[in-house]
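Structural overview
The chain contents come next:
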Amino acid sequence: MSTSKSTRMDVNNDESIWNEHLGINGKYVLKGDEYFMAIALLVGKRSEDPSSQVGACIVNEDQNIVGVGYNGMPNGCENKFSWEKYADNPLERKYMYVCHAAMNAVVNKNVINLKNCKIYNVIFPCNECAKILIQSGIKEVVFLSDKRCYKNETIASKKLFEAAGVITREFKYDPENSKIVIDFCEIDWDNKKKRPSVQNECESTSKKMAKNDNA
Ligand SMILES: [Zn+2]
């Protein structure tokens with residue numbers, strides 16, 4: 001199902017987004033904002049940063065994912081710099097070295113350019129990432145958290161986006177469908193097709209496995 005541009009822009013204020021989640025059989029289907037923000041959150045789980053796992057997901061006008069990234073040290077530098085935040089010497093803090101999720105998503109892109117793309121970023125991008133996003137042609141930023149709104153980096157970032165005409169909006173989720181669970185325990189491992197089984201089968205499999213462990 002294609003999504004009209006106007007529907008995507010108005011998601012905060014009307015109920016159209018929730019209707020988008022209904023598949024042809026009337027069942028909930030993971031789509032749109034929730035899908036892309038969930039990808040950003042999942043990608044963030046790859047970050048080694050002990051205090052902040054941030055992920056980002058870039059989506060083109062055809063609603064295809066064209067880049068993902070998470071906060072990490074530059075390639076080849078992974079174990080050479082500290083994740084320390086409060087060292088007396090600023091050169092021993094992580095901030096000088098870490099590549100943010102949005103920046104990594106841009107440099108990891110699998111298309112020639114990011115013109116008119118949107119980015120789902122778990123937190124509002126900083127000013128350095130904002131510059132990169134603007135220069136890349138990104139036109140919309142969807143964020144989940146604005147926890148650093150008091151910082152100059154975020155204030156400058158908002159000024160930059162506004163000046164460049166980049167839309168920014170807070171992610172909203174459907175309270176009726178607030179959970180996306182991926183549980184490998186739900187896979188029917190005894191079946192060659194390995195399809196997810198229903199919950200009670202999953203529980204019985206766990207019990208069976210526990211029994212075998214105790215044997
Ligand atoms: Zn940044």
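Residues numbered from 1 in each chain as written. Predicted model: local features only at pLDDT ≥ 70, side-chain atom pairs only at ≥ 80, totals over all residues.

Let's talk about the nonpolar core
- In terms of nonpolar packing, the biggest core is built from 32 residues, with A56, C57, A102, A105, I119 and Y120 touching the most fellow members.
- Mapped onto this core, the elements with two or more residues apiece are α3 (32-44), β1 (55-59), β2 (65-70), α4 (101-107), β3 (118-123), α5 (127-136) and β4 (140-145).
- The contact partners of C57, leaving out residues within four places of it in the chain, are F36, I39, A40, V43, I65, V68, A105 and Y120. (Core = buried A, V, L, I, M, F, W, Y, C linked by C-beta atoms within 7 Å. Buried ≥ 20, exposed ≤ 12 C-beta atoms within 10 Å, placed from the backbone. Helix = DSSP H or I, 4+ residues; strand = E, 2+ residues; numbered from the N terminus. Contact = placed C-beta atoms within 7 Å.)

Observations concerning the pairing of strand β5 (residues 167-170)
- As judged from the 4 bridges shared by β4 and β5, these two strands associate in the parallel manner. Paired with V142 across the two strands is R169, which belongs to β5.
- Viewed along the sheet, the connection from β4 through helix α6 (residues 152-164) into β5 turns out right-handed. (Pairing = 2+ DSSP bridges. Right-handed = clockwise from strand over helix to strand, strands pointing away.)

A word on the environment of C77
- Within the element layout of this structure, C77 appears in the loop between β2 and α4.
- Taking the C-alpha atoms as reference, C77 lies 9.5 Å from V98; in sequence the two are 21 residues apart.

Focus on the confidence of the model for the protein chain
- Averaged over all residues, the pLDDT of the protein chain is 84; the fraction at 70 or higher stands at 79%.
- Low pLDDT, under 50, characterises residues 1-18; the stretch is placed with 15 contacts to residues that sit more than four places away or in other chains.
- Ignoring residues within four places in sequence, the model shows residues 199-209, a span with pLDDT below 50, making 5 contacts including any to other chains. (pLDDT = per-residue confidence, 0-100.)

Thoughts on α3
- With 13 residues, α3 extends 19 Å between its outermost C-alpha atoms, agreeing within 8% with the 18 Å of an ideal straight helix rising 1.5 Å per residue.
- Along α3, the positions that sit buried rather than exposed are D33, F36, M37, A40, V43 and G44. For α3, the angular spread of the buried residues around the axis is 120°, confining them to a single face. (Expected span 1.5 Å × (residues − 1). Arc of directions from axis to C-beta.)

Section: the sheet that holds β5
- One open sheet accounts for 5 strands, arranged β2-β1-β3-β4-β5; its pairing is mixed. At either end of the open sheet lies a strand with only one pairing partner, and these are β2 and β5. Within this sheet the neighbouring strands show an average axis-to-axis angle of 15°, counted without direction.
- As defined by bridge partners, β1 adjoins β2 across 5 bridges and the pair is classed as antiparallel. Following the sheet pairing, V59 is matched in β2 by I65. (Axes fitted to C-alpha atoms, helices over the stretch in contact; angles between N-to-C directions.)

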